[in-house]
Amino acid sequence: MQNIRDLLDRYLRLAPPDTAARRALSESIKDVANMDIPQRDIKIVGDVAYVDIDTTLKSALFMRQSAILKRVEERLGRRGISAIR
């Protein structure tokens, strides 16, 4: 099963980089912080992700930022996002 997952992950990376990074960030936030943030509320400029949510929720994201970024890197297979704002 691991081989199939590796193959599917390759095709996931073939999507436009912005789309793959937004998807990985949205899923990582869901896993780590248990917050459901739609991909349309995430904007990526360079290697910084801007999340359009309430400031109280954003503070909770900042507290878990390193764990979220680590999970994004695992999903993408590379370091695609360096900060969340």
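Bear in mind the structure is a predicted one, so any value in this text is a computation, not a measurement.

Caption draft 1: The arrangement of the pairing of strand β2 (residues 48-51) in detail. Bridge count for strand β1 (residues 42-45) against β2 is 4 bridges, and the pairing is antiparallel. Among the inter-strand pairings, I44 is bridged to a residue of β2, identified as A49. Linking two consecutive strands that pair antiparallel, namely β1 and β2, is a turn of 2 residues; a positive phi of about 65° is found at G46 within it. Summarising the sheet, β2 and strand β3 (residues 83-84) pair through 2 bridges and their orientation is parallel. When the bridges of β3 are listed, A49 appears paired with I84.

Caption draft 2: Molecular detail of the sheet that holds β2. What the 3 strands build is an open sheet, ordered β1-β2-β3; its pairing is mixed. Edge positions in the sheet fall to β1 and β3, since each has one partner strand and no second.

Caption draft 3: The nonpolar core, seen in detail. With 21 residues, the main nonpolar core has L25, I29, I37, L61 and I81 as its most contacted residues. Considering every element that reaches this core, the biggest residue donor is helix α2 (residues 17-33), with 6 residues.

Caption draft 4: Unusual backbone geometry, seen in detail. Even without glycine at this site, N34 takes up a positive phi of about 55°. Judged by relative accessible area, N34 falls into the exposed class, the value being 61%.

Caption draft 5: Local environment of the side chain of S26. Take S26: it is sitting in helix α2. For S26, a relative accessible area of 10% translates into the label buried. In this structure the side chain of S26 is engaged in a polar contact, spanning 2.7 Å, whose partner is the backbone oxygen of I37. Those residues within four positions of S26 in sequence are excluded, and the remaining contacts are I37, Q39 and I42.

Caption draft 6: Summary view of the pattern of salt bridges. Counted according to the given criterion, the structure contains 5 salt bridges. A salt bridge links R75 to D31; its shortest N-O distance comes to 2.2 Å. Here R75 is found in helix α4 (residues 65-76), whereas its partner D31 is found in helix α2, with 44 residues between them in sequence. Given a relative accessible area of 41%, D31 falls into the partly exposed group. In the salt-bridge network here, residues are joined through shared partners; they are E27, D31, R71, E74 and R75.

What counts and how
Residues numbered from 1 in each chain as written. Predicted model: local features only at pLDDT ≥ 70, side-chain atom pairs only at ≥ 80, totals over all residues. Heavy atoms only, no water. Pairing = 2+ DSSP bridges. Helix = DSSP H or I, 4+ residues; strand = E, 2+ residues; numbered from the N terminus. Core = buried A, V, L, I, M, F, W, Y, C linked by side-chain atoms within 4.5 Å. Buried < 20%, exposed > 50% of the residue type's maximum accessible area, 1.4 Å probe, protein only. Polar contact = N/O pair within 3.5 Å; in protein donor to acceptor, adjacent residues only side chain to side chain. Contact = heavy atoms within 4.5 Å. Salt bridge = Lys/Arg side-chain N within 4 Å of Asp/Glu carboxyl O.

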